[in-house]
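As a plain string of letters, each chain reads:
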Amino acid sequence: MTVMWTVKVVGMGLVALSLSVELLSRLLRRLRPERSLNEVLFFPSEMACVEHIFTPSSPYSCFCSLPHGVETSFSCLLRHIMSASSTLDLCVFAFSNMDLSRAVLALHGRSVTIRVLTDKHYSAITGSQIGVLRKAGICVRCDVGSVHMHHKFAVVDGQLLITGSLNWTLTAVQSNMENILVTEEPDLVRPFIKEFHRLWTHNDPAH
Ligand SMILES: [Zn+2]
C-alpha cells in the first residue's frame with residue numbers, strides 16, 4: 001500500500017512538473033518578440049536554373065543546361081520578390097534583367113498591385129524592361145528630376161524591404177560585386193515606404 005502511494009505521489013509530481021515546465025516555456029516564448037527576417041545576399045550569384053521558382057508545381061520539368069536544385073543569392077532574391085501577395089513597390093535605377101521582369105509580370109498576373117519608379121534616362125536604353133512592364137499595364141513612373149534616381153530598393157507587401165547596391169540587370173546579378181539586405185525590421189522598412197510615397201507623389205505626371 002505504501003509503495004503504491006509513493007508511486008502515485010511521484011507520478012503526480014512528475015505530471016505537475018512537466019506541466020509547469022510547458023507553461024513556463026510558453027510564457028517565455030510570448031515574452032520574447034517574434035524574430036523577423038533579416039538576410040544579407042552577396043553577388044555575383046552562382047549560375048543556376050530558377051525555373052522551379054516560377055513553376056513550383058512542376059519543379060523537375062526543366063531540362064536546361066544550368067545546375068538545378070541549387071539555392072543561390074539570385075534565387076533567394078527571386079523568392080523574396082515572388083512572395084508578394086498584395087503589393088510590390090519597386091524603386092530601381094536600371095531594370096533590364098529578364099528573370100526579374102518575369103517575376104514582376106507573374107505578380108501582376110496574380111493581381112499584386114505593382115508600382116515601379118525608375119530613372120528616366122535609363123528606362124529608354126536598349127534592353128530596359130520598363131517598356132515591357134508598361135505594355136503589360138503595370139504602373140510605371142519616371143523620375144523627372146535632373147539628377148539620377150539611383151535607388152535600388154523594393155518593398156514587398158509593405159513589410160519586407162529589399163535594398164542594396166544591386167541594379168536589376170544581368171550584369172549586376174552575374175558579374176558585379178554587389179550586396180542586398182533583406183529585412184522585415186519595421187524601423188528600417190518604414191522610412192523606405194515613406195520615401196517611396198514621397199517620390200511616387202513627386203513624380204506624378206498629373207502634377
Ligand atoms: Zn533549368
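Residues numbered from 1 in each chain as written. Predicted model: local features only at pLDDT ≥ 70, side-chain atom pairs only at ≥ 80, totals over all residues.

Within an unreviewed UniProt entry, the label attached to the protein chain reads Mitochondrial cardiolipin hydrolase, and the organism entered is Scomber scombrus. Taken directly from UniProt, the Catalytic activity (unreviewed entry) text for the protein chain runs: "a cardiolipin + H2O = a 1,2-diacyl-sn-glycero-3-phospho-(1'-sn-glycerol) + a 1,2-diacyl-sn-glycero-3-phosphate + H(+)". The UniProt entry for the protein chain carries this comment under Sequence similarities (unreviewed entry): "Belongs to the phospholipase D family. MitoPLD/Zucchini subfamily." (UniProt positions renumbered as here; feature names shortened; annotations may be inferred.)

This part is about the UniProt feature "domain: PLD phosphodiesterase" (unreviewed entry) in the protein chain. With numbering aligned to this structure, UniProt lists the feature "domain: PLD phosphodiesterase" (unreviewed entry) at residues 145-172. Taken end to end, residues 145-172 comprises 11% helix and 36% strand; its first and last C-alpha atoms sit 24 Å apart. (Helix = DSSP H or I, 4+ residues; strand = E, 2+ residues; numbered from the N terminus.)

Per the domain assignment, the segments making up the protein chain are domain 1 (1-32) and domain 2 (38-202). Here domain 1 and domain 2 have C-alpha centroids that lie 52 Å from each other. (Domains from an automatic or database assignment.)

Spatially, 1-7-6-5-2-3-4 is the arrangement adopted by the seven strands of the open sheet, whose pairing is mixed. Two strands bound the open sheet, and with one partner strand each, they are strand 1 (38-43) and strand 4 (139-143). On average, each strand axis in the sheet is tilted by 10° relative to the strand beside it, whichever way the strands run. Pairing between strand 2 (residues 87-92) and strand 5 (residues 152-156): five bridges, direction antiparallel. What sits directly across from Leu88, in strand 5, is Val156. In the packing of helix 3 (residues 73-82) onto the sheet, the strands contacted are strand 1, strand 5, strand 6 (160-164) and strand 7 (178-183), and the crossing angle to strand 1 comes to about 135°. (Pairing = 2+ DSSP bridges. Axes fitted to C-alpha atoms, helices over the stretch in contact; angles between N-to-C directions. Contact = placed C-beta atoms within 7 Å.)

Cis rather than trans, the peptide bond between Phe43 and Pro44 has omega equal to 10°. The phi dihedral of Ser111 falls on the positive side, at around 65°, and the residue is not glycine. Relative to the helices and strands, Ser111 is located in the loop between helix 4 (98-109) and strand 3 (113-119). By the C-beta count within 10 Å, which is 9 here, Ser111 ends up exposed. One non-glycine residue, Asp157, lies in the positive phi region at around 55°. Summarising the element assignment, Asp157 is placed in the loop between strand 5 and strand 6. Judged by C-beta crowding, with 14 C-beta atoms within 10 Å, Asp157 ranks as partly exposed. (Buried ≥ 20, exposed ≤ 12 C-beta atoms within 10 Å, placed from the backbone.)

For the rest of this paragraph, the subject is the environment of Phe74. Relative to the elements of secondary structure, Phe74 occurs in helix 3. Of the residues examined, Phe74 has 24 C-beta atoms within 10 Å and is grouped as buried. The spacing of Phe74 and Ser45 is 29 residues in sequence and 5.7 Å in space, taken between C-alpha atoms. Not counting residues up to four positions away in its chain, the partners in contact with Phe74 are Ser45, Val50 and Val173.

Let's shift gears to helix 4. Here helix 4 spans 16 Å end to end across twelve residues, near enough to the 16 Å set by a 1.5 Å rise per residue. Close packing links the buried residues of helix 4 with helix 3, strand 2, strand 3 and helix 6 (130-135). One or two residues past the end of helix 4 sits Ser111, with phi positive at roughly 65°. (Expected span 1.5 Å × (residues − 1).)

Moving on: the packing of helix 3 against helix 4. At their nearest, the axes of helix 3 and helix 4 sit 10 Å apart, and the two run at 20° to each other. The angle between helix 3 and helix 4 places the two elements in the roughly parallel class. In this structure, the crossing between helix 3 and helix 4 has a hand that is right-handed. Residues Leu78, Ile81 and Met82 of helix 3 form the contact with helix 4, whose participating residues are Asp99, Ala103, Ala106 and Leu107. When its residues are assigned to classes, the contact of helix 3 with helix 4 shows six nonpolar, no polar and one charged. (Parallel < 35°, antiparallel > 145°, perpendicular 65-115°, else oblique. Left-handed = near helix turned anticlockwise from the far one by under 90°. Nonpolar A, V, L, I, M, F, W, Y, C, P; charged D, E, K, R; others polar.)

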